[in-house]
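Here is how the chains run, residue by residue.
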Amino acid sequence: MFDPAAGVLISDGGLASELEARGHDLSGALWSARLLVDDPAAIRSVHEAYFRAGADIATTATYQASLEGFAARGLTRAQTVRLWRRGVALARAARDACADDRRRWVAASVGPYGAALADGSEYRGRYGRTVAELRAWHRPRMEVLAEAGADLLALETVPDIDEAEALVDVVNDLGVPAWLSYTIDGTRTRAGQPLTDAFAVAACSDAIVAIGVNCCAPADVAAAVELAAGTGKPVVAYPNSGEAWDAVHHRWSGPARFTTGQARDWLARGARIIGGCCRVGPALIARLATELRDHPPAAEAPV
């Protein structure tokens, strides 16, 4: 059973970033989900690379995999359902290929509604959709992923409270474990709500086994971890590399700022699932696994 309270776990890094680093063009609206159709072996290879680097958790290539997105590609609902299942199966196959005495998990990625719009809405929120509408939109994919063999759902890159409420409602109905992670700016959601209010949405949900932040600047994580820890739940933190996205030229710029020293600080503040998002690759995941889990800081070492 997935138990993030048992000790530090290392999640993987950016799936799309690593696929791009290997030469795949992900510029279309489906992003990495396109390869569920065109090159599933590439996705499995990246999952396996992260596991071999030391990750305990793989997040699936279903973040951008919406009914609407695949319909635009000419796929039917039944074909889309098979692709959702394929996303989980690829991560499970990668885990099987790395079988040893270490326990590993598969987290089925549930991206926000804005990700399916492919216009940056996941970094703004406030879609003009009600909680009920968002709940109805998310439910089909979550139902399939919940029974496809994943260990938990990763409700990730959530930009505002309305969407979080919808996601938590569905998870509570399904009765499957999940983590909920917001994308943030400082100590607020991207939609501008205080993180204390955002984390409170899931504080009383037994289905939400961890809460935190992802796809944000590393500098914003420490304060967010402390606020999330106030819920009493284990905290998940997996920011971007710290490079800046240039929306005009569609490229990353500036230096990477995510360090293992920062991650040790998040661990001390209460983070128990730590990894990376955009532009974080297997090399950094390997360092996190070594420094945080295999050779933890003295304060976290077993007594």
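Since this is a predicted model, take the numbers as computed values, not measurements.

Parameters and conventions
- Residues numbered from 1 in each chain as written.
- Predicted model: local features only at pLDDT ≥ 70, side-chain atom pairs only at ≥ 80, totals over all residues.
- Heavy atoms only, no water.
- Pairing = 2+ DSSP bridges.
- Helix = DSSP H or I, 4+ residues; strand = E, 2+ residues; numbered from the N terminus.
- Buried < 20%, exposed > 50% of the residue type's maximum accessible area, 1.4 Å probe, protein only.
- Polar contact = N/O pair within 3.5 Å; in protein donor to acceptor, adjacent residues only side chain to side chain.
- Phe/Tyr/Trp six-rings, centres within 6.5 Å; stacked < 30°, edge-to-face > 60°.
- Right-handed = clockwise from strand over helix to strand, strands pointing away.
- Axes fitted to C-alpha atoms, helices over the stretch in contact; angles between N-to-C directions.
- Parallel < 35°, antiparallel > 145°, perpendicular 65-115°, else oblique.
- Left-handed = near helix turned anticlockwise from the far one by under 90°.
- Contact = heavy atoms within 4.5 Å.
- Nonpolar A, V, L, I, M, F, W, Y, C, P; charged D, E, K, R; others polar.

Enquirer: Run through the sheet that holds strand β1 (residues 9-10), naming residues and quoting values.
Expert: Strand pairing within a sheet occurs via backbone hydrogen bonds; the two strands may be parallel or antiparallel. Ordered in space as β1-β12-β9-β8-β5-β4-β3-β2, the eight strands form an open sheet in which the pairing is parallel. At either margin of the open sheet sits one strand with a lone partner, and together these are β1 and β2 (57-59). As paired strands, strand β9 (residues 235-238) and strand β12 (residues 271-274) are joined by three bridges and run parallel to one another. Each residue of the ladder has a partner; that of Val235, found in β12, is Ala271.

Enquirer: Tell me about the side chain of Ser17, residues and numbers included.
Expert: Relative to the helices and strands, Ser17 resides in helix α1 (residues 15-21). The class for Ser17 is buried, based on a relative accessible area of 17%. Looking at Ser17, its side chain comes within polar contact range of the main-chain nitrogen of Arg279, at 2.6 Å.

Enquirer: An account of the packing of aromatic side chains is needed here, citing residue identities and associated values.
Expert: Taken as a whole and judged by the stated rule, the model has seven aromatic pairs. Ring geometry for Trp31 against Tyr63: centres 5.7 Å apart, planes inclined by 70°, an arrangement best described as edge-to-face. Here Trp31 is found in the loop between α1 and α2 (35-38), whereas its partner Tyr63 is found in the loop between β2 and α4 (67-72), with 32 residues between them in sequence. The exposure class of Tyr63 is buried, given its relative accessible area of 11%. Taken together, a centroid distance of 5.1 Å and an interplanar angle of 85° make the contact between Tyr113 and Trp137 edge-to-face. Residue Tyr113 is located in helix α6 (residues 113-117), and its partner Trp137 is located in helix α7 (residues 131-146); the two are separated by 24 residues in the primary sequence. Residue Tyr113 shares its accessibility class with Trp137, and that shared class is buried.

Enquirer: Run through unusual backbone geometry, naming residues and quoting values.
Expert: Backbone geometry places Ala118, a non-glycine residue, at a positive phi of 55°. Positionally, Ala118 belongs in the loop between α6 and α7.

Enquirer: Mind laying out the pairing of strand β8 (residues 208-214), listing which residues take part and the relevant values?
Expert: Counting buried positions along β8 yields seven of seven residues, so the element is predominantly enclosed. In this structure, strand β5 (residues 178-182) lies alongside β8, joined through five bridges in parallel fashion. Bridging from a neighbouring strand, Ser181 pairs with Gly212 of β8. Taken together, β8, helix α10 (residues 221-229) and β9 constitute a β-α-β crossover, and its handedness is right-handed.

Enquirer: Hey, could you go over the environment of Ala223 for me, with residue numbers and the actual values?
Expert: In this structure, Ala223 sits in helix α10. In sequence terms Ala223 and Ser205 are 18 residues apart; their C-alpha atoms lie 23 Å from each other.

Enquirer: Outline the packing of helix α3 (residues 40-53) against helix α5 (residues 77-97), supporting the account with residue identities and numerical values.
Expert: Any two packed helices are characterised by the angle at which their axes cross and by the distance between the axes. α5 packs onto α3 with a crossing angle of 45° between their chain directions and a minimal axis gap of 8 Å. Considered as vectors, α3 and α5 are oriented oblique to each other. Note on packing geometry: the crossing formed by α3 with α5 is right-handed. Residues Pro40, Ile43, Arg44, His47, Glu48, Phe51 and Arg52 of α3 form the contact with α5, whose own contacting residues are Arg86, Leu90, Ala91, Ala93, Ala94, Arg95 and Ala97. When its residues are assigned to classes, the contact of α3 with α5 shows eight nonpolar, one polar and five charged.

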